Amino acid sequence: MAAAATTAGKKTAVVERVVFALNGRRYEVAGADPSTRLLEFIRTQTPFKGTKLGCGEGGCGACVVLIAKYNPKTDEVTEFTASSCLTLLYSINFCSVITTEGLGNTRDGFHAVQKRMSGFHASQCGFCTPGMCMSIFTSLINADKSKGPEPPKGFSKLKVSEAEKAFSGNLCRCTGYRPIIDACKSFASDVDLEDLGLNIFWNKDDKNPDEIKSSQDHPNVDSIAPPREGWYHPTSIQEYYELINSCILDDSVKVIVGNTSSGIPGYKDEDLYNKYIDIGGIPELSNIVKIESGFEIGASTTISRTIEILKQECESVSSPNGSMVFRKLADHMSKVATPFVRNTASIGGNIILAQKYPFPSDIVTILLGAGATVCLQVVVERRQITLEEFLEQPPLDPTTLLLSIFIPHWISDNQTEKTLLFETYRAAPRPLGNAVSYVNCAFLGHASVDQQSDTLVLSNLHLAFGAYGTEHAIRAKKVEKFLTGKSLTALSVLGAIKLLRQTIVPMEGTSHPEYRVSTAVGFLFSFLSPLAKGIPQPGKALTNGSADSTDTDYVSKVPLPSRRETISNTDYKPVGEPIKKYGVELQASGEAVYVDDIPAPKNCLYGEFIYSTKPFAYVKSIKFKSSLASEKIINVVSAKDIPSGGENIGSSFIFGDEQLFGYPIAEYAGQALGIVIAETQRYAVMAAKQVIVEYDTEGLSPPILTVEQAVENSSYFSVPSEYYPNEVGDVSKGMAEADHKIPAAEVKFASEYYFYMEPQTALAIPDEDNTLIVYSSSQYPEFAQSVIARCLGIPFSNVRVITRRVGGGFGGKALRSFQVATAAALCAYKLKRPVRMYLNRNTDMVMIGGRHPVKAHYSVGFKSDGKITALHLDLLINAGISEDASPTIPRTIISSVKKYNWGALSFDIKLCRTNNTSKSIMRAPGDTQGSLIADAIIEHVASVLSLDANSVREKNFHTYNTLQLFYPDSAGEASTYTLYSIFDRLVSTSSYFDRAESIKQFNSSNKWRKRGISCVPLIFKVEPRAAPGRVSVLNDGSIVVEVGGIEIGQGLWTKVQQMTAFALGQLWPNGGEGLLERVRVLQADTLNLIQGGFTAGSTTSESSCAATMQACNLLVDRLKPVLNRLQQQSKDVSWDTLISQASEENVNLSASAYWVPGQDSNKYLNYGAGISEVEIDLLTGAITLLRGDLVYDCGKSLNPAVDLGQIEGSFIQGIGFFIYEEYITNSDGLMISNSTWDYKIPSVDIIPKQFNAEVLNTGYHKNRVLSSKASGEPALVLASSVHCALREAIKAARKEFSNSGSGRSPLEFQMDVPAPMTLVKELCGFDIVENYLETLSTYELADGA
Ligand SMILES: Cc1cc2nc3c(=O)[nH]c(=O)nc-3n(C[C@H](O)[C@H](O)[C@H](O)COP(=O)(O)OP(=O)(O)OC[C@H]3O[C@@H](n4cnc5c(N)ncnc54)[C@H](O)[C@@H]3O)c2cc1C
Ligand code: FES
Ligand code: FES
């Protein structure tokens, strides 16, 4: 009987095929593996490649698509974004999916959103752009569904204030977001067009921009294979239980709704599943029932829908107090994850995660605070219990279904005059979401006045705390009991906080435990102190809750109008014009081809690295767990497969080689041990997770993991003398002249991961006669070619490395790209089949390495007026396992330190060899650390002397003479030393002094928030390198250009295109603007154009342009006589006529050049300055960047729009390094902050609220390429101004609370890099609330006495 029911249930619930529309085309798919993600299907089974894989865990937005779903119950279509990397293919049955190609494309015309992204220069490498387009597009169409007046044609109902949120959660590593916000704002009906940044569209008169069109349907049919069971979609509770009682549970089965939990580290799928039960179709789980006492929300309701329902309820309730709880819940929920995750993530799924695992849920905490209950189905029984009881139960198994959540309707009690209080809080690295909380809370209660004591008393308290390192959220019952009925005074608040500290005890192993506890204390204090008698409220200072802030000052209004200024240079048109990026529409429409977009060749296999988790150990064996994923392994390639004659080499540079595989010893955690080969990329990734490596450390010395251990063991790399920087002057003499000395102080820098949006990738295809074509996402194909050839033991000429474009590199795809390309090549060579590698984001983060960690120790002597007389530095640089490019780092660090005149400068630098991943060049390598070392010293000196840091800075600026002393090879002519004028200009345009003054006032009237401002100068040395170029004109007059440089988003192709048009245009008096459209820049191909070199160091664009110009000049010389002859017949000779004639006359229409910088042009200095203003919240450590102002000298910019983009983008990237990005390793040196969850690059909500950037045009620079200067890296260094401003704000806090910690002046403290909110709070003091309350309580007791 049971069996019969089971079979019947199974049959009805099974879904054998999935039918959906993709970009208007009908797809019917059967037989697919049920664990297939929508993204994987789109990318591998359809022609659409716009949707990108950036992380695979819902954390980056590269994969965002629009899903339209029809609801037969309401007869409505809902359109929402979703992360296609988490969405399972079968779950989109009967939906319509649109990717960026569906919005617009080359053939059908580009969509307005794509055009705006292009025209606002909002795409650099372009890898994030398709996802951005989808998020913006969906926000626009959803805004237009709202009530309210129709916007003018071409605009949307979206408001300017909502623009930033339209794509919150979508990460971009290149642009710094400002131009993307502008592109989005340009659609807003309330936009002031003059507030928009640099763009190619408007003047104010322009009233009719492109219309926002929806996509159309073109039904079509596709692929049907034999059905395969594996997806079950029960439509009733009974069917569900029939299913789980049936034999399908014998297999590996997963019950899901949105499947977003598969993106969460720790709860991610570790193995493949055979079968899925999608419970989203059970009606009881989707019901929304509103009754007088509250709301019952079906467990599979998405978080977005829940927010909508709660908000609707707020709108319909007349009394604001009656809806307060719902409103604040909705506000808090809108900071959970990202819009594209919330749109599919169910509220029930979140609660279950928190019930089963120690997941830091926000939803559970706030529902606990709101007194929610849950309804459960346990086989045939239905139970209603409190959420608290539910959380205490043993972890749920599939026999229990969460049906719904009931949220009571709380109101104030007018009869008893009890006022309802409700507040929620979360402390997280990002304010708008896409970051789980360190701690979250929700506090509910009723307050009434105790007439006798004239104080408030609380009743009905729910004090919920979660995410602080707890199994699940809890109610602080003891604190509730303590406070209930008590008069609220400083003393009782202090008592409550002391009890809270005993209650909130993070589990062992929780990161930042003290921070979490202290912040929980801060939240309770924020809630209680406005109610308590005797706690003054200086300023509107307390931490904002989830609700709309009562704070009225400008911090809360985002984003503010910002200025972006460039001056076009018309001397060399079209060079110097802010033309849009070459091929940018293709990037927006997803048609631009990155390595992983190249269609997989027949028989293609996929590889994923197996890496060591130990730092120094013999690898005894590599085995795999028996699992579904392991069954997918086709092969494992390791060091033993390197052909005879080949070498175990995975990377190389002028200083030495690095192994491909750790063999026979794994030398660091994160080193490749082998490659798992499977039939799909996901199978390879999953299979690699099943590995069990046996290690043996017998007979081996302990690993060297830190620079201190390296010193103990004298484990150093040597730095060739020509790379070792030069000291200046006599330090002992300088010290002797000093009035004061700081004998010993320190600043430390952690590493930084590149976080290019496109992970490392390569596709290797074996060809005839032992040759290979390797498509590599590399900044250095020339060297990739040689490493591959050496690994395989074949001539370089057998290896063709092709790179079209790179989805972000930042130095990480220079030398670090070789191991991926070489691994793919080795597998392809061995297996004689194409092999593709596309590193899983977590693997990429663990293996690739990053910026150099540095420990800087300084002693400095100075006069009483702040003039520094001598500086000595001891630097320990952690280079990791191999030299890589590390021997160049001492030089770049010192080069940036030299930006001030130290009087005399000496140093001792140790380049430490450690058992860590090799550290490599990362955007502004060395300079980034050097610049902050310099400014940390200046600030330290200012603190000791109690002087304004800026005056100390200016005191130590170089004169032209000292500049020559410190930079003898690159100071250039006196007229090019523009730092003084830049600094003055910046200080005056940004009203620095007025602002510094008002910050003082702000700080004196606000206890719990402090502000700081800082102004930092920049001197940045660059060295252009030799570069090849070839320009060829085809018979139809179209032009193709090949250069050595790689387009990595920095606009190299655009500048080359402009340069070609300019240089060939020299043939005509009115220039070559008309030729722009005819120029095509080709991908790099190492067998086509040799000596391509290195795309790094900010100068590749200018050297590629220089080579292009030389090649064009050769052509001009050849064409000039032909033109002259033609012009004798007719004055107006067109380009086409000229080329046709030249071709007929057998003129060689292809010219090559190899530009080598002259003695005078091989090194020069860049100048700029930046001012940052920040605010910190002392209760949470939260950092708000109020304003950033930059001025940068670009010489005569080749393309001001491109350069401005580089400057803004690099500045924001720098903020990531100095403030947000925590590169955390375990005790074996293995990187453990290896996901989008733990590693927080800047998101749109952290960029300065006001951001003014100016590109200066500083006239003629005779040794530069058309007077231009570099822009790619230097401005990153200016982000150190944020670190310095933060220090100022912390100083103000320490002054307020007299926090010194070490017996030193509270103004002197070490502040390392990065300085995230956890560190800010630590430096302000973890116990400031208690100390403050103690003081108030003393008065209170004294008064009472
Ligand atoms: C990038 C990202 C960021 C996030 N950030 C946050 C955050 O800041 N704060 C926060 O609180 N959460 C956060 N989350 C968690 C997110 O809210 C949950 O992943 C989501 O709500 C789970 O819902 P789902 O429908 O996708 O569940 P699924 O992944 O489908 O299922 C999750 C688990 O619940 C079980 N399950 C689901 N529904 C039921 C039911 N009705 N009865 C019994 N079992 C059930 C499933 O079997 C599975 O074990 C984030 C998630 C992602 C991916
Ligand atoms: S790839 Fe899906 S969110 Fe990053
Ligand atoms: S343009 Fe956004 S990641 Fe490169």
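Residues numbered from 1 in each chain as written. Chains lettered and ligands numbered in written order. Predicted model: local features only at pLDDT ≥ 70, side-chain atom pairs only at ≥ 80, totals over all residues. Heavy atoms only, no water.

(A) Broad picture of the overall build of the protein. For the protein, the count of helices and strands is 38 helices and 45 strands. A globule of 1345 residues ought to have a C-alpha radius of gyration of about 34 Å, and the protein, at 32 Å, matches this closely. The dimensions of the protein, computed from C-alpha atoms along their principal axes, are 100 × 85 × 80 Å. Sorting the 1345 residues of the protein into buried and exposed places 66% on the buried side. Across the protein, every contact between residues at least 6 apart in sequence was considered, and the portion connecting residues at least 24 apart equals 79%. Summed over its atoms, the accessible surface of the protein is roughly 46,500 Å², and 50% of this surface lies on carbon and sulfur atoms. A gap of 1 Å separates the mean positions of the 126 positive and 145 negative side-chain charges of the protein. (Helix = DSSP H or I, 4+ residues; strand = E, 2+ residues; numbered from the N terminus. Rg over C-alpha atoms; globule rule 2.2 N^0.38 Å. Buried < 20%, exposed > 50% of the residue type's maximum accessible area, 1.4 Å probe, protein only. Contact = heavy atoms within 4.5 Å. Areas by Shrake-Rupley, 256 points an atom, 1.4 Å probe, with all protein chains shown as cover. Lys, Arg positive; Asp, Glu negative; His and termini not counted. Charge placed at Lys NZ, Arg CZ, Asp CG, Glu CD.)

(B) Layout of the side chain of Thr843. Tracing the sequence through the fold places Thr843 in helix H24 (residues 841–848). Other than its neighbours up to four places away in sequence, Thr843 contacts Glu608, Phe609 and Tyr611.

(C) Just the UniProt feature "binding site: FAD" (unreviewed entry) in the protein, in detail. Here the UniProt-annotated "binding site: FAD" (unreviewed entry) positions come out as Ser346, Ile347, Gly348, Gly349, Asn350, Asp362, Leu402 and Arg426. Across 81 residues, the annotated set is spatially dispersed, with a maximum C-alpha separation of 25.7 Å. Setting aside chain neighbours within four positions, we find Asn350 in contact with Ile303, Phe359, Ser361, Ile363 and Val364. Tracing the chain through its elements places Asp362 in helix H13 (residues 362–369). (UniProt positions renumbered as here; feature names shortened; annotations may be inferred.)

(D) Fine view of the pairing of strand E11 (residues 294–298). Across the five residues that make up E11, a large majority, four, are buried. Relative to E11, strand E10 (residues 288–291) runs antiparallel, the two sharing four bridges. By the bridge assignment for E11, Ile291 is matched with Gly294. Connecting the antiparallel pair E10 and E11 is a turn made up of two residues. Judged from the five bridges that link them, E11 and strand E14 (residues 400–408) form a sheet pairing that is antiparallel. Residue pairing for E14: Gly294 is matched across the bridge by Pro408. (Pairing = 2+ DSSP bridges.)

(E) Layout of the site of ligand 1. The full set close to ligand 1 counts 37 residues, and Val255, Thr260, Ser261, Ser346 and Asp362 are the nearest of them. Between ligand 1 and Asn259 there is a distance of 2.8 Å, counted from an oxygen atom to a backbone nitrogen or oxygen. Expressed as a share of its isolated accessible area of 970 Å², the protein-covered part of ligand 1 is 96%. Breaking the shell around ligand 1 down by element, the ones donating at least two residues are strand E8 (253–256), helix H12 (347–356), H13 and E14. In terms of residues, the shell around ligand 1 owes the most to one element, H12, which gives five residues. Looking at the shell around ligand 1 residue by residue, the classes come out as 23 nonpolar, ten polar and four charged. (Near = heavy atom within 4 Å. Polar contact = N/O pair within 3.5 Å; in protein donor to acceptor, adjacent residues only side chain to side chain. Nonpolar A, V, L, I, M, F, W, Y, C, P; charged D, E, K, R; others polar.)

(F) Up close: the environment of Gln1129. By the element assignment, Gln1129 lies in helix H32 (residues 1100–1129). Through-space distance from the C-alpha of Gln1129 to that of Phe523 is 85 Å; in sequence the pair is 606 residues apart.

(G) Examining the pattern of salt bridges more closely. Counted under the stated rule, the structure contains 63 salt bridges. Ionic pairing is found between Glu423 and Lys328, a salt bridge with its closest N-O pair at 3.0 Å. Here Lys328 lies in helix H10 (residues 324–333) and Glu423 lies in strand E15 (residues 419–427), a separation of 95 residues in the sequence. By relative accessible area, Glu423 is classed as buried at 17%. The exposure class assigned to Lys328 is buried, which follows from its relative accessible area of 7%. Each member of the salt-bridge network shares a partner with another, and the members are Arg43, Lys52, Asp596, Asp597 and Arg836. (Salt bridge = Lys/Arg side-chain N within 4 Å of Asp/Glu carboxyl O.)

(H) Representation of empty space enclosed by the protein. Tallied over the entire structure, the rule returns eight cavities of 30 Å³ or more. Within this model, the largest cavity holds a volume of roughly 110 Å³. If you go around the largest cavity, you meet 17 residues; those closest to its centre are Ala1084, Asp1085, Thr1086, Leu1089 and Gly1092. Mapped onto the lining of the largest cavity, the elements with two or more residues apiece are helix H22 (781–792), strand E39 (1039–1043) and strand E41 (1084–1085). No other element matches the three residues that H22 contributes to the lining of the largest cavity. Roughly 100 Å³ of internal volume is contained in the second largest cavity. Class assignment of the residues belonging to the lining of the second largest cavity gives a composition of two nonpolar, eight polar and one charged. (1 Å grid on protein atoms, 1.4 Å probe; cavity = no way out; pocket = protein on both sides within 12 Å on 5 of 7 lines; lining within 4 Å. Points joined across faces, edges and corners; volume = space filled by probe spheres on them.)

(I) Structural detail: the pairing of strand E12 (residues 373–378). Of all the six residues making up E12, six are buried; the element is thus mostly covered by neighbouring parts of the structure. Side chains Thr373, Cys375 and Gln377 of E12 all project onto a buried face; the interleaved residues Val374, Leu376 and Val378 project onto the opposite face, where all are buried too. Where E12 folds back on strand E13 (residues 381–386), the antiparallel hairpin that results is connected by two residues, among which Val379 adopts a positive phi of roughly 55 degrees. Bridge count for E12 against E14 is six bridges, and the pairing is antiparallel.

(J) Inspection of the sheet that holds strand E25 (residues 665–666) at higher detail. An order of E25-E21-E27 is seen for the three strands of this open sheet, with the pairing classed as antiparallel. Because the sheet does not close on itself, it has two edges, and the strands there are E25 and strand E27 (691–696). Pairing of strand E21 (residues 617–624) with E25, which is carried by two bridges, proceeds in the antiparallel orientation. From the neighbouring strand, Tyr618 faces E25, where its bridge partner is Ile665.

(K) Quick look at the packing of H10 against H13. Two numbers describe how H10 lies on H13: the axes approach to 10 Å, and their chain directions differ by 170 degrees. On the basis of the axis angle, H10 is roughly antiparallel to H13. Residues Leu329, His332 and Met333 of H10 touch H13, and the partners they reach there are Asp362, Ile363, Ile366 and Leu367. Considered class by class, the residues forming the contact of H10 with H13 number five nonpolar, one polar and one charged. (Axes fitted to C-alpha atoms, helices over the stretch in contact; angles between N-to-C directions. Parallel < 35°, antiparallel > 145°, perpendicular 65-115°, else oblique.)

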